[in-house]
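Structural description and commentary
So the chains spell out like this:
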Amino acid sequence: MSKTVATPREESEFTATAVRVSRLSVWGNAILTLFKLFAGIIAHSGAMISDAVHSASDVLSSFIVIIGVRLAAQDSDAEHPYGHEKFESVAAVILAVILCITGLFIGHSAIEKLRGNTPEALVMPGVLALVAAVVSIVVKEAMYRYTRHFAKKIDSPALMAEAWHHRSDALSSIGSLIGIYGARKGLAWFDPVASLLICGFILKAAYDIFADAIEKMVDHACSDETERALKDFAAAQEGVLGVKSLKSREFGSKVYVDLVLYADGSLTLTQASAIAQQVHDAMEREFSSLKHIMVRVDPAPAGESGEA
């Protein structure tokens, strides 16, 4: 006596939101890249030109997010009966690698400057470079907060990775601002020291994104709190005498649940099936992260509630 329903992932609010946010990131980063490149050339600032290259990498990151989300949104098929949600985690892994490379590049450049192997400190940058750095910090921090808000709202690891890429660019611009200001004040070492600190922040963010994406790619149970909420909700439904067992596993950003309930043993097959259907539908409405729910109804042991 069971009811199994697999809900296909359509071009839903999840996909539309992720793509909309990423498209905005593409345009914002493209404009910011051109502005910072122009400012770096005019103001003779190597730091700002490097910052422009960092912003250009964000354009690539946004395209990766769009591709990953669209692949993840494909319906289940014969070769992928459980859907394609893990493509989003793959996109997050790629973004983490790009972020790591970016951090290492910034760190390497900083070390080379401290060793005196680069000529940037010999040229005093213009005021326009300072203005570009401030604009970049404000814009990229705003993009980080905007992207992070929607990443948390739709529980998207790829979008969260993109948000942290925006934050890394803001940190890079802070390093550029400090370096440019220091160079104008005769303190050229400000730039590489600040860049080394920023490198550490970026590498930490890359590690966190990578670890979270890998965890989502390997099937594991939901948190104890989530499973308890699922059990309590199911047990409260009409006709349910208890929860015999509940098994859950996260698949990308979605959750699969196998649920066995206790009901009155005198019920007919049709009545038990109706309870399974009602519980399934109610849980699907209540928990938006559920993609696939299997509900089975067993007769309750005599004199027991069946709570597991």
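As a starting point, this report considers the structure included with it. What you are looking at is a predicted structure, and each value in this text was computed from that prediction instead of being measured.

**Focus: the overall build of the protein chain**
Within the protein chain, the regular secondary structure consists of 8 helices and 4 strands. Secondary structure elements in the protein chain, listed N-terminal to C-terminal, are β-α-α-α-α-α-α-α-β-β-α-β. A burial count over the protein chain gives 46% of its 308 residues as buried. Long-range contacts, defined as pairs at least 24 residues apart, comprise 77% of the intrachain contacts of the protein chain with a sequence gap of at least 6. Taken as a whole, the protein chain presents about 15000 Å² of accessible surface, with 64% of it coming from carbon and sulfur.

**With respect to helix α4 (residues 127-154)**
Its 28 residues give α4 an end-to-end C-alpha distance of 41 Å, which sits within 8% of 40 Å, the value for a rise of 1.5 Å per residue. Asp155, located one to two residues past α4, shows a positive phi value of around 55°.

**Some points on the packing of aromatic side chains**
Counted according to the given criterion, the structure contains 3 aromatic pairs. Pairing Tyr146 with Phe150 gives two aromatic rings, centres 5.0 Å apart and planes at 65°, and the pair type is edge-to-face. Of this pair, Tyr146 and Phe150 both sit in helix α4, 4 residues apart, which is roughly one turn of that helix. Look at Tyr146 and you get partly exposed, because its relative accessible area is 31%.

**Remarks on the nonpolar core**
Val65, Val69, Leu99, Leu159 and Ile209 are the most contacted members of the largest nonpolar core, which totals 27 residues. Elements represented by at least two residues in this core include exactly α1 (13-42), α2 (46-72), α3 (86-114), α4, α5 (157-184) and α6 (190-217). Examining the composition of this core, we find that 8 residues originate from one element, α3, more than from any other. Residues contacting Ile209, with those up to four places away along its chain left out, are Ala92, Ala96, Leu99, Ala161 and Trp164. In this structure, Val255, Leu259, Ala263 and Ala276 belong to the second largest nonpolar core, which totals 21 residues.

**Describing a nonpolar patch on the surface**
On the surface, a nonpolar cluster with roughly 750 Å² of combined accessible area is contributed by Ile111, Leu114, Leu187, Trp189, Val193, Leu196, Leu197 and Phe201. For the nonpolar patch, the leading source of residues is α6, giving 4 residues. Mapped onto the elements of the fold, Leu196 is located in helix α6.

**Re the packing of α1 against α4**
Orientation of α1 relative to α4, taken along the N-to-C sense of each, is 170°, at an axis distance of 10 Å. Relative to α4, the element α1 lies roughly antiparallel. Broken down by class, the residue content of the contact of α1 with α4 amounts to 17 nonpolar, 6 polar and 5 charged.

**As for the pairing of strand β4 (residues 290-299)**
Within β4, 8 of the 10 residues are buried, which leaves the element mostly enclosed by the surrounding structure. Assessed by its sense of winding, the connection that carries the chain from strand β3 (residues 254-263) through helix α8 (residues 269-286) to β4 is right-handed.

**Some details on the environment of Arg167**
Along the polypeptide, Arg167 turns up in helix α5. Not counting residues within four places of it along the chain, the set of residues in contact with Arg167 comprises Glu141 and Tyr144.

The rules behind the values
- Position labels on residues start from 1 in each chain and follow its written sequence.
- The model is predicted, so local features are restricted to residues of pLDDT at least 70 and side-chain atom pairs to those at 80 or more, both for listing and for counting; the totals for chains, interfaces and linings are taken over all residues.
- Computation of side-chain values: all heavy atoms of the structure, hydrogens and water removed.
- The way it works is that DSSP assigns letters per residue, a run of H or I at least four long becomes a helix, a run of E at least two long becomes a strand, and they are numbered from the N terminus.
- Each residue is assigned to one of three classes by its accessible area relative to the maximum for its type, calculated with a 1.4 Å probe on protein chains only: buried under 20%, partly exposed between the two thresholds, exposed over 50%.
- We call two residues in contact when some of their heavy atoms are within 4.5 Å.
- All accessible areas in this document rest on Shrake-Rupley with a 1.4 Å probe, and a residue is counted as covered only by the protein chains that are shown.
- To estimate how far a helix should reach, multiply one less than its number of residues by 1.5 Å.
- Any two rings among Phe, Tyr and Trp, with Trp reduced to its six-membered ring, count as a pair given centres within 6.5 Å; such a pair is stacked if its planes are under 30 degrees apart, edge-to-face if over 60, and tilted if neither.
- For the purposes of this section, nonpolar cores are sets of buried Ala, Val, Leu, Ile, Met, Phe, Trp, Tyr and Cys residues that join through side-chain atoms within 4.5 Å.
- Patch definition: residues with relative accessible area over 30% and no salt bridge; like charges joined within 9 Å; nonpolar side chains (Val, Leu, Ile, Met, Phe, Trp, Tyr) joined within 5 Å.
- Whenever Lys or Arg places a side-chain nitrogen within 4 Å of a carboxyl oxygen from Asp or Glu, that contact is recorded as a salt bridge.
- As a rule, the C-alpha atoms of each element are fitted with a line to give its axis, helices using only the stretch in contact, and angles between N-to-C directions run from 0 to 180 degrees.
- An angle counts as roughly parallel when it lies under 35 degrees, as roughly antiparallel when it exceeds 145, as roughly perpendicular when it falls between 65 and 115, and as oblique in every other case.
- Gly counts as polar in this scheme, as do all residues outside two lists: the nonpolar Ala, Val, Leu, Ile, Met, Phe, Trp, Tyr, Cys and Pro, and the charged Asp, Glu, Lys and Arg.
- Seen with the strands pointing away from the viewer, any crossover whose path from the first strand over the helix to the second strand runs clockwise is right-handed.

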